[in-house]
Amino acid sequence: MEFYSHARTLEDQKTKVGSKRLQDHTFGVSHKALEQFFPGLAFPVSADEVEALLYDIGLLHDLGKYSSHFQQYLLGRDHDHELKQHARFGAFVINQKYLTNQELGYLGYYIVKNHHKSLHDPTDITLDKFLLKSQSEEQTRIFESQKSTMLPHLAQIKQELNLPALEDWLTYPERKTFLCWIQDWTSEGKPYRYFLINYLFSLLIEADKLDASDTPPLPRVKIPAETITRYIEGFVAADNLQNRLRNEVRTAVLSNLDDPSIEDTRLFLLTAPTGIGKTLTAFDFAIRLRDKLPHRPQIITGLPFINIIEQTLDVYQQALASTNATVMAHYQYADVLEADKKIEPDEEIMNGYDQRRMQLDTWQGDVIVTSFVQLLQTMLSNKNKVLLKFNHLAGAIVIMDEVQSLKLEHVPLIGSVLYCMSKFLNTRFILMTATKPLVFELAEQEILQKTLQNQITKEVRWLLADPEPIFRQFQRTQIVPLTTEKLEDTAALLPIFASKWQSTQSALVVVNTVNRSIELFEQLQEWMIEKGYSNPCFYLSTNVIPAHRLAIIKQIKAEIKAGRAPILVATQVVEAGVDLDFDLGFRDLGPVDSIVQVAGRINRENTPERALSPLYIINYGDCKRIYGTITEAQALKALGNEVIPEPAYYGLVEKYFWEVSEKSAYDESKKYFDSIKYLRYDGEKNKDELPINTFRVIANNSNVVSVFVEWDDAASQAKAAFLKLLSINDKKVRYQAKSDFDQRFKKTFHQHIIAVPEQYAEGLPLISPRHQGVDIRLIDTENLPVWYVPPIGFQRKKAAQLAKEDNLAVQL
């Protein structure tokens, strides 16, 4: 008899026939998982034992598909819904196979049982019917019924799977003993189990989906160690202090590779001033380190902002153009379709996977450029789809740039997770920043010393052993505090601006809120016209659709280059990764590291005649509301009233971070790490626990809504494609349409979406009134003149006016 793992529907759209033999799929999954397996693991369980368990997991994950109940279901015939389920059967069998090693047996059971689901708390009996006493009789019946349909074919199954002892493992486990063991096991609180489970689970589900979709894993190629050096040497650089310091930093960083112990180091830190070339220096170091290692590890670069991701991707692709290396970018704005479960394919019958998308979702490349959201929520997740790529972190070289952008309350947690991954999965991390966030110091102080008794700061290698001399050589900017008195209103900045600025100077003004930035831009533009100045004025914030932001930055660059001294009013979107060079700046009070980032957009090219260009710090009083009381108090204390030249920035930031950290509570980090220890994968937030499934790099803001701006023909086409997708009811057709949408329209669609406070969007219709669950508002072409007008973008004043009129009408 022929057994199948997957089926396809014939042209009559009714008849289903087997498309892949179960034996072929089973061994395909096992072999793909073993090919991706990293032998350098360092768990308390030996790598050989983990590898053997992985093979058995692959071999038995679909054993339940040999039942006639599943085969009937697969081929579209009458079947019992409960009896056709297959994952739990293989889970029982692998547990029985490992009766002499309960931990490995349970790991196999848990991973196989959940391979079509997301991970859950092992002790939550409501999520595992086998553990419920009330379900014992029913679950026994299902197991025995499935088993009875396999027994007539047992000889064939044993031969196909090369499992002569299979019959010995076809027994139903003893529920009570099983439950007691799980409760004792999880109560031990050992962090390595979280990383081991996620790793094995990821290997299985990735191999399963790759094999089901016939997607070949991309082989990793050799990248010559000198690749980046040759690329850099292709540019003719002026002989000035900036470039001499860049070469000095790069030479110092690369000299670390001469140390024979470099291959044993897992945690690296590169702290250096902005504009020093950290992106290529770290990439050069990573390529050379990769060349020394035997397994050709992937290089995975995580970045906080879309604009930096796109810039870095462009640099990487150019730098590796002479090689055969595959460079992939994996990031998204917000997957608004994810909430609509009808889009998800039926994993048992869907064989129309988009192979290119599958390669992207599973990080099949030599170099991956991704977002902090993707990277960190892969490390801290229970979701099946997200964990697909978790296994790629094992043995990888991970570069994390602009780490100062991490939320302070998450820093101890993230530092602890990075350490555990370096310890158990042999992952190498290179953290980069122009400031000095205390990632590993706070991880050690708040979590690891108490949990693992580890002092990880001793294991961190500084790639630039002493950054201070480099910082001291820069005299590009100075911070000038003007914070003794709060500004009473937005217009209060104008006389200060007038006294500090000259018409020949380009200027950057950064404030903390969108509303403040809009009001200031309008007032400053009006003041410029009134005074007869012709300097071009620009505006940049999240109030402007992403499709326009890059063009605005390019236009500002062109104006600076042409000597027209532009003025930019912005929010924090320009703090990091935006390569602009202004003559002076103004920054509303905020975190000191953010202030230093803004300083990095002033005299960026280190022009001697602009030495010590000023960044004036003003105080609108918004800092406390946006960043909290501690940040406001410590920022004011750190800045003081004296001018701070650039050489002092390094010590300034370090002191500020310690002051803030000493007054901060890190309960959130501690609770999440407790969830790692006790495998609390899912649940609701409460005062005592923060389950893994609730972790977010960027907190969900329930007070904002997504607004699609139909600005041009490209936006109209993307909207039409989105609405067409929503209208499709057939699951298979819908999935194929989503694949087409993702390839052709998704980026354009998201680049025309902005997040708007809910109160401003009340007058806007839904993008599709027929689909109330898709909460995206629409500004169509007809309403653009009312609701979205450059340069400010979304018209908040108009929205507020309409809301006020509506309220008045209700009152009348």
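Residues numbered from 1 in each chain as written. Predicted model: local features only at pLDDT ≥ 70, side-chain atom pairs only at ≥ 80, totals over all residues. Heavy atoms only, no water.

## Here's the deal with the overall build of the chain
Step number 1: The number of helices and strands found in the chain is 32 helices and 21 strands.
Step number 2: Its C-alpha atoms give the chain a radius of gyration of 29 Å, near enough to 28 Å, the size a compact globule of 812 residues would have.
Step number 3: Projected onto its principal axes, the C-alpha positions of the chain cover 95 × 75 × 50 Å.
Step number 4: Evaluated residue by residue, the chain yields a buried proportion of 58% over its 812 residues.
Step number 5: Excluding contacts between residues fewer than 6 apart, the proportion of contacts in the chain whose partners are at least 24 apart in sequence is 79%.
Step number 6: Only carbon and sulfur atoms are counted for the fraction: they give 49% of the accessible area of the chain, which is about 33400 Å².
Step number 7: The positive charge centre, built from 91 side chains, and the negative charge centre, built from 104, are 1 Å apart in the chain. (Helix = DSSP H or I, 4+ residues; strand = E, 2+ residues; numbered from the N terminus. Rg over C-alpha atoms; globule rule 2.2 N^0.38 Å. Buried < 20%, exposed > 50% of the residue type's maximum accessible area, 1.4 Å probe, protein only. Contact = heavy atoms within 4.5 Å. Areas by Shrake-Rupley, 256 points an atom, 1.4 Å probe, with all protein chains shown as cover. Lys, Arg positive; Asp, Glu negative; His and termini not counted. Charge placed at Lys NZ, Arg CZ, Asp CG, Glu CD.)

## A few points about helix α1 (residues 22–36)
Note: α-helices contain 3.6 residues per turn, so residues at a spacing of three or four share the same orientation.
Step number 1: Taking 1.5 Å as the rise per residue, α1 with 15 residues should run 21 Å; its terminal C-alpha atoms sit 21 Å apart, in good agreement.
Step number 2: Looking only at α1, the buried set comprises Leu22, His25, Thr26, Phe27, Gly28, Val29, Ser30, Ala33 and Gln36.
Step number 3: Buried residues along α1 sit against β1 (4–9), β2 (16–21), α2 (47–60), α7 (154–161) and α9 (192–212). (Expected span 1.5 Å × (residues − 1).)

## Brief notes about the pattern of salt bridges
Step number 1: Evaluation of the coordinates by the stated rule reveals 38 salt bridges.
Step number 2: Of the charged contacts, one joins Arg88 and Asp128 as a salt bridge, the two residues approaching to 2.7 Å between their closest N and O atoms. Placement of Arg88 in helix α4 (residues 87–97) and of Asp128 in the loop between α5 (102–113) and α6 (136–150) is noted, with a sequence separation of 40 residues between them. Neither residue differs from the other here; Arg88 and Asp128 are each classed as buried.
Step number 3: Glu103 is paired through a salt bridge with Arg193; the nearest N and O atoms lie 2.9 Å apart. Taken together, the residues span a long stretch of sequence, with Glu103 in helix α5 and Arg193 in helix α9 at a distance of 90 residues.
Step number 4: Taken together, the salt bridges that share partners define one network made up of Lys20, Lys32, Asp211 and Asp214. (Salt bridge = Lys/Arg side-chain N within 4 Å of Asp/Glu carboxyl O.)

## A look at the confidence of the model for the chain
Step number 1: Averaged over the chain, the pLDDT score is 91; the fraction of residues at 70 or greater is 95%.
Step number 2: Across residues 333–353 the pLDDT falls below 50, and counting only partners more than four positions away or on other chains, this stretch makes 62 contacts in the model.
Step number 3: Throughout residues 808–812 the model reports pLDDT below 50, and contacts reaching past four residues in sequence, or to other chains, amount to 0 contacts. (pLDDT = per-residue confidence, 0-100.)

## A short note on the layout of surface pockets
Step number 1: Size it by volume and the second largest pocket reaches roughly 1400 Å³.
Step number 2: Around the second largest pocket, the lining comprises 40 residues; the ones closest to its centre are Arg246, Gly275, Gly277, Leu280 and Asp579.
Step number 3: The set of elements that each furnish at least two residues to the lining of the second largest pocket consists of α10 (227–233), α11 (241–254), α12 (278–292), α13 (306–319) and α22 (546–561).
Step number 4: When its residues are assigned to classes, the lining of the second largest pocket shows 14 nonpolar, 14 polar and 12 charged. (1 Å grid on protein atoms, 1.4 Å probe; cavity = no way out; pocket = protein on both sides within 12 Å on 5 of 7 lines; lining within 4 Å. Points joined across faces, edges and corners; volume = space filled by probe spheres on them. Nonpolar A, V, L, I, M, F, W, Y, C, P; charged D, E, K, R; others polar.)

## Some details on the packing of aromatic side chains
Centre-to-centre distance and the angle between the planes together describe a pair of aromatic rings.
Step number 1: If you walk through the whole model with that rule in mind, you get 47 aromatic pairs.
Step number 2: The ring of Tyr73 is capped by Lys84, whose NZ or CZ atom sits 4.2 Å from the centre of that ring.
Step number 3: The ring of Trp363 is capped by Lys389, whose NZ or CZ atom sits 5.7 Å from the centre of that ring. (Phe/Tyr/Trp six-rings, centres within 6.5 Å; stacked < 30°, edge-to-face > 60°. Lys NZ or Arg CZ within 6 Å of the ring centre and 35° of its normal.)

## A closer look at unusual backbone geometry
Step number 1: With omega at 5 degrees, the peptide bond leading from Pro790 into Pro791 counts as cis.
Step number 2: Along the chain, the position of Pro791 falls in the loop between β20 (788–789) and β21 (793–794).
Step number 3: Despite not being glycine, Asn606 shows a phi value in the positive range, around 60 degrees.
Step number 4: Take Asn606: it is sitting in the loop between α23 (592–599) and β15 (613–618).
Step number 5: Owing to a relative accessible area of 13%, Asn606 belongs among the buried residues under this scheme.

## Concerning the sheet that holds strand β9 (residues 460–462)
Step number 1: Taken together, the 7 strands give an open sheet; going across it, the order is β5-β6-β4-β7-β8-β3-β9, and neighbouring strands pair in parallel fashion. Either end of the sheet is taken by a strand with one partner, and the two such strands are β5 (327–330) and β9. Across this sheet, the average inter-strand angle for adjacent strands is 20 degrees, counted without regard to direction.
Step number 2: Both strand β4 (residues 299–303) and strand β7 (residues 397–400) contribute to a ladder of 4 bridges, which runs parallel. Within the sheet, the bridge partner assigned to Thr301 lies in β7 and is Ile399. (Pairing = 2+ DSSP bridges. Axes fitted to C-alpha atoms, helices over the stretch in contact; angles between N-to-C directions.)

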